[in-house]
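# Structure at a glance
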Amino acid sequence: MRVLIVEDEPYLAEAVRDGLRLEAIAADIAGDGDTALEMLSVNSYDLAVLDRDIPGPSGDEIARRIVASGSGMPILMLTAADRIDDKASGFGLGADDYLTKPFELRELVLRLRALARRRAYARPPISEIGGLRLDPFRREVFRDGQYVALTRKQFAVLEVLVGAQGGVVSAEELLEQAWDENADPFTNAVRITVSALRKRLGEPWLIATVPGVGYRIDADGESLSCKSVR
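Residues numbered from 1 in each chain as written. Predicted model: local features only at pLDDT ≥ 70, side-chain atom pairs only at ≥ 80, totals over all residues. Heavy atoms only, no water.

## With respect to the UniProt feature "modified residue: 4-aspartylphosphate" (unreviewed entry) in the chain
Operational definition: UniProt positions are given in the numbering used here, feature names are shortened, and annotations may be inferred rather than shown by experiment. Runs of H or I in DSSP of at least four residues are treated as helices and runs of E of at least two as strands, each being numbered from the N terminus. Contacts are assigned to residue pairs with any non-hydrogen atoms lying within 4.5 Å of each other.
Under the feature "modified residue: 4-aspartylphosphate" (unreviewed entry), the UniProt entry names Asp51. Position of Asp51 among the secondary structure elements: in the loop between β3 (47-50) and α3 (59-69). In this structure, Asp51 is in contact with Val6, Glu7, Asp8, Gly59, Leu78, Thr79 and Lys101, ignoring residues within four places of it in sequence.

What follows is the structure in structure tokens.
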């Protein structure tokens, strides 16, 4: 999951970003409305966390534009405006959830995951491919019925690869979807994480390297069928 945090208080924004990363949620920060709109235009996000009172275009204006885009991106308003009229106007703009400051990070995480589940209603939560079973909401992975313990980053990478349904995913795409915009494009983090993940999943290797292109889920070089199950 990748989230855009629109918040003009840098310490709060960085604390939220760092806390979300510990929960395997990639997060980028926009400190004003113009930056937020620019980032929304060039990056793909699963959710937007908006403060309403920010420099430049307000959080309300950003919410309007997200709704008008037809992307269906869920919006969580995170703001000090806690009157019922404020909440009513926020929901009226298209917000899917509303959390007032101060707040507990754990509650924010729970709300974000709930919003992600709602958005994914058309996509069954459990995927199976090549004897691998991945439940993104329980954050569990099984191979041939055996539980596989993964780190948060390994799980995030595997989720992207499984979501590609056997297609090739480049290192750049993995950086974009499993890390965030601050990831160094020249880092070897992807290679190291994929290597460790491959070992965790065990033999025969499920993750194939496509030289010069990226990675894909494979099994003994055979074509795999991927299905989602409820």
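## With respect to the sheet that holds strand β5 (residues 97-100)
Put simply, the rule is: Strands are labelled as partners when DSSP assigns at least two bridges between them. Throughout, an axis means a line fitted to C-alpha atoms (over the contacting stretch in the case of helices), and angles, computed between N-to-C directions, take values from 0 to 180 degrees.
Taken together, five strands build an open sheet; the order of strands is β2-β1-β3-β4-β5 and the sheet is parallel. Taken across any chain shown, the strands that pair with only one partner, and hence form the sheet edges, are β2 (26-30) and β5. Taking the axes of each pair of neighbouring strands and ignoring which way they run, one obtains an average angle of 20 degrees across the sheet. Strand direction decides the pairing type here: β3 and strand β4 (residues 75-79), joined by three bridges, are parallel. Directly across from Ala48, in β4, lies its bridge partner Ile75. The strands touched by helix α4 (residues 84-92) are β4 and β5; relative to β5, the strand with the most contacts, the crossing angle is about 145 degrees.

## With respect to the environment of Arg138
Counted only if it meets this: Per-residue accessibility, obtained with a 1.4 Å probe over protein chains only, is compared with the maximum for each type, and a residue is labelled buried under 20%, exposed over 50%, and partly exposed between these values.
Residue position: Arg138 is located in the loop between β7 (132-135) and β8 (140-143). Here Arg138 falls in the exposed class, since its relative accessible area comes to 63%. Along the primary structure Arg138 and Ile126 are separated by 12 residues, whereas in three dimensions their C-alpha atoms are 9.3 Å apart.

## A short note on the pattern of salt bridges
Counted only if it meets this: For this document, the term salt bridge refers to a Lys or Arg side-chain nitrogen within 4 Å of an Asp or Glu carboxyl oxygen.
A full pass over the atoms with the stated rule returns 16 salt bridges. Between Arg65 and Glu61 there is a salt bridge; the shortest N-O distance is 3.0 Å. Here Arg65 and its partner Glu61 are both found in helix α3, four residues apart, which amounts to about one turn of the helix. Owing to a relative accessible area of 44%, Arg65 belongs among the partly exposed residues under this scheme. Of the residues examined, Glu61 reaches a relative accessible area of 24% and is grouped as partly exposed. Residues joined by salt bridges that share partners form a network here, namely Glu7, Glu9, Asp51 and Lys101.

## What to know about the packing of helix α2 (residues 33-42) against α3
Heads up, the condition is: Here is the rule for angles: anything less than 35 degrees is roughly parallel, anything more than 145 is roughly antiparallel, 65 through 115 is roughly perpendicular, and the remaining ranges are oblique. Put simply, a crossing is left-handed when the front helix is turned counterclockwise from the back one by less than a right angle, and right-handed when it is turned clockwise. Charged means Asp, Glu, Lys or Arg here, nonpolar means Ala, Val, Leu, Ile, Met, Phe, Trp, Tyr, Cys or Pro, and polar covers whatever is left, Gly included.
At their nearest, the axes of α2 and α3 sit 10 Å apart, and the two run at 20 degrees to each other. Between α2 and α3, the angle is such that the two are roughly parallel. The handedness of the crossing between α2 and α3 comes out as right-handed. Contacts between α2 and α3 involve Gly33, Ala36, Leu37 and Leu40 from the former and Ile62, Arg65 and Ile66 from the latter. Of the residues contributing to the contact of α2 with α3, the split by class is five nonpolar, one polar and one charged.

## A short note on the packing of aromatic side chains
We apply this condition: Between rings of Phe, Tyr and Trp, where Trp is taken as its six-membered ring, a pair exists when centres lie within 6.5 Å; planes separated by under 30 degrees are stacked, by over 60 edge-to-face, and by other angles tilted.
One pass over the full model with this rule turns up two aromatic pairs. Here Phe142 and Tyr147 contribute two aromatic rings whose centre-to-centre distance is 5.6 Å and whose plane-to-plane angle is 65 degrees, an arrangement assigned as edge-to-face.

## Some points on the nonpolar core
Let me state the cut-off plainly: Buried residues of nine kinds, namely Ala, Val, Leu, Ile, Met, Phe, Trp, Tyr and Cys, make up a nonpolar core once their side-chain atoms join them within 4.5 Å.
Counting 26 residues, the largest nonpolar core has Leu158, Leu174 and Leu201 as its most contacted members. Within the residue set of this core, elements represented by two or more residues are β7, α6 (152-163), α7 (171-178), α8 (189-201) and β11 (214-217). If you tally residues by element for this core, the top one is α6, at seven residues. Beyond its immediate sequence surroundings of up to four residues, Leu158 is in contact with Leu132, Leu134, Val141, Leu150, Leu197, Leu201 and Ile217. Counting residues in each nonpolar core, the second largest holds 20 residues, with Ala63, Ile66, Leu93 and Tyr98 among its members.

## So, helix α1 (residues 10-22)
Under the convention used in this document: A helix is expected to span 1.5 Å for every residue after the first. By construction, the arc corresponds to the directions joining the helix axis to the C-beta atoms.
For α1, with 13 residues, the first-to-last C-alpha span of 18 Å sits near the 18 Å given by 1.5 Å per residue. If you check which residues of α1 are buried, you get Ala13, Val16, Arg17, Gly19 and Leu20. Take α1 and look down its axis: the buried residues cluster within an arc of 165 degrees, on one side only. Opposite the buried face of α1, at more than 90 degrees from it, the exposed residues are Tyr11 and Leu22. Residues of α1 that are buried sit in contact with β1 (2-6), β2 and α5 (105-119). Once α1 ends, the next one or two residues include Ala24, with phi positive near 65 degrees.

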